[in-house]
Amino acid sequence: NYSLAFDGVATYVSTNFNPDTYELWKGFTVSYWVRPDEIAATRAAFGRRAGSSNERFFFGIHNTRIWVGVGNNVTNNAAVTHTMEVGNWYHWVVTYEGNATGRDRKIYMNGELLYNHNVVWNQTGNTGGGENIYFGGRNNNGNFVKAWKCGLDEVAIFDEEKDSNWVEHIYDTEKNGKPNDLQHESGLVGYWRFEEGGGTTVEDLSGNGNHGTFVSIGTVNHSGTGTITTALPTWSEDAP
């Protein structure tokens, strides 16, 4: 019934979720719904970039391109486009095979595979990682950057690679892509449904306690400087 809306300037959610804690370089799946309220350059729905450039874990867009960072790779290829339109909801899934098994990273939108590429993520928190993820932008070594004016809903993170049948099932076109409750899916390590509808926290339903807290850093540019205000992310009844 609810989603979170971000202003693309200064509002975000800080979580305690650190990808290194769950050894996601060994394989992962990320599933989320996003409603772009702008199509612009280098915007992140959520994620982090840690101390090392090999520690990327973020998901967003660069104008009409897909902009996803996993390990040492950033997808920013002019040939890899997303076709999203402002104001509509889209379901995204990113899977990673793992650094020891094949390293394929696949990117799906609305159940359709858009891109498959071999990437490397060999690092751990002991070699430059350790940063938690933000919603509404990206954590860049503790700084909020790459804010995206968007709606966000149903963010789920698994410590295993899901296959294309799983992706199609979760999108579930027969039900017009309505979100599923994923609490009982295997490998779930982080899950934020944004169903609170009020307050300034979001619960991690995976059982791992990586809850999120609303934050504002004021009216800022995308490098993270500016004047402090009291704006926060807002609850919305516009959901997938």
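The coordinates are above.
Just so we're clear, the structure is a prediction, and the values are computed from it rather than from any experiment. Along each chain, numbering runs from 1 in the same order as the chain's sequence is written. Under the rules for a predicted model, residues below a pLDDT of 70 receive no local features and side-chain atom pairs below 80 are neither given nor counted, while totals for whole chains, interfaces and linings still include all residues. With hydrogens and water set aside, each side-chain value is computed from the structure's full complement of heavy atoms.

1. A closer look at the side chain of Thr 29
To keep it simple, the criterion reads: We count a stretch as a helix when DSSP gives it H or I for four or more residues in a row; a strand needs E for two or more, and each element gets its number in order from the N terminus. Exposure is judged per residue with a 1.4 Å probe applied to protein chains only, and the accessible area is read against the type maximum: over 50% gives exposed, under 20% gives buried, and values in between give partly exposed. Polar contacts, as used here, are pairs of N or O atoms within 3.5 Å; protein pairs need one atom able to donate a hydrogen and one able to accept it. Residues neighboring in sequence count only if both atoms are side-chain atoms. Residue contacts are counted whenever heavy atoms from the two residues lie within 4.5 Å of one another.
Residue placement: Thr 29 occurs in strand β3 (residues 28-36). Residue classification places Thr 29 among the buried residues on the basis of a relative accessible area of 0%. For Thr 29, the side chain forms a polar contact with the main-chain oxygen of Glu 160, separated by 2.8 Å. Among the polar contacts listed, one links the side chain of Thr 29 to the backbone nitrogen of Lys 162, at a separation of 2.8 Å. If near-sequence neighbours (up to four positions away) are discounted, Thr 29 is found in contact with Val 93, Val 94, Thr 95, Ala 156, Ile 157, Phe 158, Glu 160, Glu 161, Lys 162 and Trp 166.

2. A word on the packing of aromatic side chains
Quick note on the threshold: Each Phe, Tyr or Trp ring (for Trp, its six-membered ring) is paired with any other whose centre lies within 6.5 Å, and the angle between the two planes then decides the class: stacked below 30 degrees, edge-to-face above 60, tilted in between.
Within the structure shown, the criterion is met by 21 aromatic pairs. Between Phe 57 and Phe 59, the ring centres sit 5.0 Å apart and the planes meet at 90 degrees, which makes this aromatic pair edge-to-face. Note on Phe 214 and Trp 235: the rings are 5.6 Å apart at their centroids and 40 degrees apart in plane angle, and the pair reads as tilted. Taken together, the positions of Phe 214 in strand β17 (residues 212-216) and Trp 235 in strand β20 (residues 234-236) put the pair 21 residues apart, joining distant regions of the chain. For Phe 214, a relative accessible area of 8% puts it in the buried group. Using a relative accessible area of 19% as the deciding quantity, one classes Trp 235 as buried. An aromatic cluster of at least three residues, connected via ring pairs, comprises Phe 17, Tyr 22, Phe 28, Tyr 32, Phe 46, Phe 57, Phe 59, Tyr 96, Trp 121, Phe 135, Trp 192 and Phe 194.

3. Examining helix α1 (residues 164-171)
Heads up, the condition is: This arc is taken over the directions from the axis of the helix to the C-beta atoms.
Taken residue by residue, α1 has Trp 166, Val 167, Ile 170 and Tyr 171 as its buried positions. When α1 is viewed along its axis, its buried side chains cluster within an angular range of 130 degrees and face the same direction. Opposite the buried face of α1, at more than 90 degrees from it, the exposed residues are Asn 165 and His 169. Buried-residue contacts for α1 involve β3, β8 (90-96), β9 (104-109) and β14 (149-158). With a side-chain oxygen positioned 3.2 Å from the backbone nitrogen of Asn 165, the residue opening α1 is Asp 163.

4. What about the pairing of strand β6 (residues 65-71)?
Stated precisely, the cut-off is as follows: Pairs of strands are assigned from DSSP output, requiring at least two bridges between the strands.
By the criterion of burial, β6 is predominantly enclosed, with six of the seven residues buried. Here seven bridges tie strand β5 (residues 56-62) to β6, and the two strands are oriented antiparallel to one another. Paired with Phe 59 across the two strands is Val 68, which belongs to β6. Here β5 folds back onto β6 in antiparallel fashion, the turn holding two residues, of which Asn 63 has a positive phi close to 55 degrees. Both β6 and strand β7 (residues 73-75) contribute to a ladder of three bridges, which runs antiparallel. Opposite Val 70, over in β7, you have Asn 73 as the bridge partner.

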